Amino acid sequence: MGQLHSIVRSALQSGRISLNVRPLSAIFRVEVEGDIEVEGRVWVPGFGQVHIGRRVRLLGRRAPIELNAHRGGHIWIDEGSVIEAGASIEATLSVRIGPGAHVGSFCKIIDNNFHQTSGDRTKRPDAIPIAIGREAHVGPRAILLPGAALGAGARVGAGRVLSFRLPAHGVA
Amino acid sequence: MNEVALPRFARAVGRHFTSVRGIARAHIQLRGTKRGARVRAFGPLLVRGRAGIEIGSCCVFVEGMLPTQLECAPGAELKIGPFTLLNYGVTIEAQRGVRIGARCMFGSLVHVRDHDGRTTAPVVIEDDVWIAHGAIVEPGSTIGAGSVVAAGAVIIGAVPPRSLATGNPAQCAPLPHQDWPEDDAALATPVRPTVVEGARHSPDVVRAAIIDWLDDTRCFGDAARILTSDATSLRDAGLVDSLGFVQLLLMLEKRFEVTIDRDFVARHDSHTVRALVDLIVRP
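Residues numbered from 1 in each chain as written. Chains lettered and ligands numbered in written order. Predicted model: local features only at pLDDT ≥ 70, side-chain atom pairs only at ≥ 80, totals over all residues. Heavy atoms only, no water.

Novice: Whenever I open this one, the overall build of chain A confuses me. Can you help?
Specialist: Across its full length, chain A holds 1 helix and 18 strands. Burial status across chain A gives 56% buried among its 172 residues. As displayed, chain A offers around 7300 Å² of accessible surface, 51% of which is attributable to carbon and sulfur atoms. (Helix = DSSP H or I, 4+ residues; strand = E, 2+ residues; numbered from the N terminus. Buried < 20%, exposed > 50% of the residue type's maximum accessible area, 1.4 Å probe, protein only. Areas by Shrake-Rupley, 256 points an atom, 1.4 Å probe, with all protein chains shown as cover.)

Novice: In this structure, what is going on with the packing of helix H3 (residues 203-219) of chain B against helix H5 (residues 242-256) of chain B? I would like to understand it.
Specialist: Helix-helix packing is characterised by the crossing angle of the two axes and by the distance between the axes. Residue and element names in this part refer to chain B. The contact between H3 and H5 brings their axes to 11 Å, and the two run at 135°. Of the possible angle classes, the one that applies to H3 and H5 is oblique. Handedness of the H3/H5 crossing: right-handed. For the pair H3 and H5, the contacting residues are Val-205, Val-206, Ala-209, Ile-210, Trp-213 and Arg-218 in the first and Gly-244, Gln-247, Leu-248, Met-251, Leu-252, Arg-255 and Phe-256 in the second. Each residue belonging to the contact of H3 with H5 can be placed in one class, and the counts come to 9 nonpolar, 2 polar and 2 charged. (Axes fitted to C-alpha atoms, helices over the stretch in contact; angles between N-to-C directions. Parallel < 35°, antiparallel > 145°, perpendicular 65-115°, else oblique. Left-handed = near helix turned anticlockwise from the far one by under 90°. Contact = heavy atoms within 4.5 Å. Nonpolar A, V, L, I, M, F, W, Y, C, P; charged D, E, K, R; others polar.)

Novice: Sorry, what's going on with helix H1 (residues 8-29) of chain B here?
Specialist: In an α-helix, one full turn covers 3.6 residues, which means residues spaced three or four apart are oriented alike. All names here are of chain B. The terminal C-alpha atoms of H1, which comprises 22 residues, lie 32 Å apart, in line with the 32 Å expected from a rise of 1.5 Å per residue. Those residues of H1 not exposed but buried are Ser-19, Gly-22, Ala-26 and Gln-29. Buried residues of H1, seen end-on, are gathered within an arc of 105° and therefore sit on one face of the element. Residues of H1 that are exposed and point more than 90 degrees away from the buried face comprise Phe-9, Val-13, His-16, Phe-17, His-27 and Ile-28. Buried positions along H1 lie against strand S1 (34-35), strand S2 (40-41) and strand S3 (45-48). (Expected span 1.5 Å × (residues − 1). Arc of directions from axis to C-beta.)

Novice: Just to check I follow, could you spell out the sheet that holds strand S14 (residues 130-131) of chain B for this structure?
Specialist: In a beta sheet, neighbouring strands pair by backbone hydrogen bonds and run either parallel or antiparallel. All names here are of chain B. Strand order in this open sheet of 8 strands is S2-S5-S8-S11-S14-S17-S20-S21, and the pairing throughout is mixed. The open sheet has two edge strands with one neighbour each: S2 and strand S21 (171-174). One ladder, built from 4 bridges, connects strand S20 (residues 163-166) with S21; its direction is antiparallel. Looking across to S21, one finds that Leu-164 is bridged to Ala-173. Its contacts with the sheet put H5 on S20 and S21, and the angle it makes with S20 is roughly 80°. (Pairing = 2+ DSSP bridges.)

So far we have only geometry, and geometry alone does not tell us how the molecule works.
Right under this line is the structure:
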């Protein structure tokens, strides 16, 4: 099963060796189907599962990319998606990025608010899974909050904050 | 690497080690600053102007993909209260003064500054404030105790205590009440909207406006089907969260030219269509 070494190999093959996957224990948690392209640093701190499909491009040269699957959480990045620098994906349950989707730089995608707006803020509310459809586009610095979902080909503008469903080919 | 049933003492040792590591790191990275006991830092910090920086006890700087940055000009003060938590990539710049209260929470990539190149005005953030990911606090802002700043909001000016600030520039609305038990008096106070004269609206028009808004922004034509009765809570039906409810209120205020009382959100049934219709129809 291709894992971290295949990330390293693909980085070497593409001639970009500024790779730094951190921490090293990510080797147990990142599953790669192969043929991916990684630039710069990818940070995989959580104890959940991260699954990266074929021909995915992680372009983290300008700033690191964070793929943070908490314990029991899953992140799927399907075939041919592009994740740009500084993007941060956090999953306590599941985040799925569809085939060919594009996640712009410094985007934040989280499926849990982690705190309640008031009351006991140490209590973690329930997660709502996030799915991003085929060839959807998330603009730079957009924030997808729990409850967000993008249909196929939907487009989220730069800097937008989304916590609701966007239908196929919708624009927000 | 799934959940491993470690013996209790092993976990205690692990936690202790983590804590010691954080304290040691804070000791090195925050040297020269005034700081209380048990300040912990897990990620890299960029600190400039150490003399003016004061950090309360038990503050935590969380590790992440970008460093947290504290900048304090000579003669300025940058004060962080006890038990405050800062996620990664937070930037706090003080040319004159930034004061942050106790038990605040800062999400990742939050930016707080008291100068914008032309003006310099101190920033005050009171106790128990939660600032979510990517929000920006501009010079001269004050954020009242217990408030929540939504992700990506830009704060210019004052945010009253216990409110939710959303958008750019941020608009404020009171937080839902149920979470503030000490404030039970608010439940008893009668709700009286201020209706601009001549504005009388039929219940059907108001209801249609709410349904239309939900259809347009939330559920794409399914609102009438999801809301089986006027007494269904929009929140329980999954149509709005607290942020969405505030946006709905702002829409109603604008559309029907009313001012919705701050106490309204405090009512336990405020999330129903019936309550909203009553609020706007009743003079």
